[in-house]
Amino acid sequence: MKSTLFTAVLMFSVLFTFGQSDNPKYDQVLAKSLGGDDYGMKMYVFVILKTGSYSPEKKISDSLFMGHMQNIKRLADSGKLIVAGPMKKNDKNYRGIFILNAPSLEEGRLLVDSDPAVQSKLLDAELFQWYGSAALPQYLKYHELVEKKKM
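What you see is a predicted model, and the numbers here were worked out from it, not measured in a lab. (Residues numbered from 1 in each chain as written. Predicted model: local features only at pLDDT ≥ 70, side-chain atom pairs only at ≥ 80, totals over all residues. Heavy atoms only, no water.)

Moving on: helix α3 (residues 58-77). With 20 residues, α3 extends 28 Å from end C-alpha to end C-alpha; this agrees with the ideal 28 Å at 1.5 Å per step. Along α3, the residues that are buried comprise Ser61, Leu64, Gly67, His68, Asn71, Ile72 and Leu75. Along the axis of α3, the buried positions cluster into a sector of 150°, meaning they face one direction only. Opposite the buried face of α3, at more than 90 degrees from it, the exposed residues are Lys58, Lys59, Met66, Gln70, Lys73 and Asp77. Against the buried residues of α3 lie β1 (41-51), β2 (81-86), β3 (94-100), α4 (105-112), α5 (116-119) and β4 (123-133). (Helix = DSSP H or I, 4+ residues; strand = E, 2+ residues; numbered from the N terminus. Expected span 1.5 Å × (residues − 1). Buried < 20%, exposed > 50% of the residue type's maximum accessible area, 1.4 Å probe, protein only. Arc of directions from axis to C-beta. Contact = heavy atoms within 4.5 Å.)

Shown next, in the form of structure tokens:
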């Protein structure tokens, strides 16, 4: 029994090791500058924005959303916000998502809490650690090239 288990573990290890290969296009300088690990990945904070508990009159709501959009721009300009966008109306009251260039939930929480719509409880946020491509921030420089109108 022990030798069968040992043989199975050894075979799996050999197959796993030989299943990986080095990438001939690997750019060590770029990977390091983006914080990528050996797989070109890194940790981010994924945020789901939901309808909060505060329902102000329209004038206040509009002002808070204007602050929300200004905060999105500020975070994107600083390199901390990688992805942001609204969700289509749904039965879960999900309003949008962020992917934050933050290595921990604590740092992500500080960034999300800088949003006036979150501060006022107009929006609520759920945060999760997410492992994704370290190259994800690179798409932003291309977005401006396809954006015909500014928000």
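Here the focus is the sheet that holds β2. Read across the sheet, four strands follow the order β2-β3-β1-β4 without closing on themselves; strand pairing throughout is antiparallel. The open sheet has two free edges, formed respectively by β2 and β4, since each of these has just one partner strand. Neighbour to neighbour, the strand axes of the sheet diverge by 20° on average, direction disregarded. Here six bridges tie β1 to β3, and the two strands are oriented antiparallel to one another. Directly across from isoleucine 48, in β3, lies its bridge partner isoleucine 97. Sheet strands touched by α3: β1, β2, β3 and β4. Its angle to β2, the strand with the most contacts, is close to 150°. Docked against the sheet, α4 engages β1, β3 and β4, running at close to 135° with respect to β4. (Pairing = 2+ DSSP bridges. Axes fitted to C-alpha atoms, helices over the stretch in contact; angles between N-to-C directions.)

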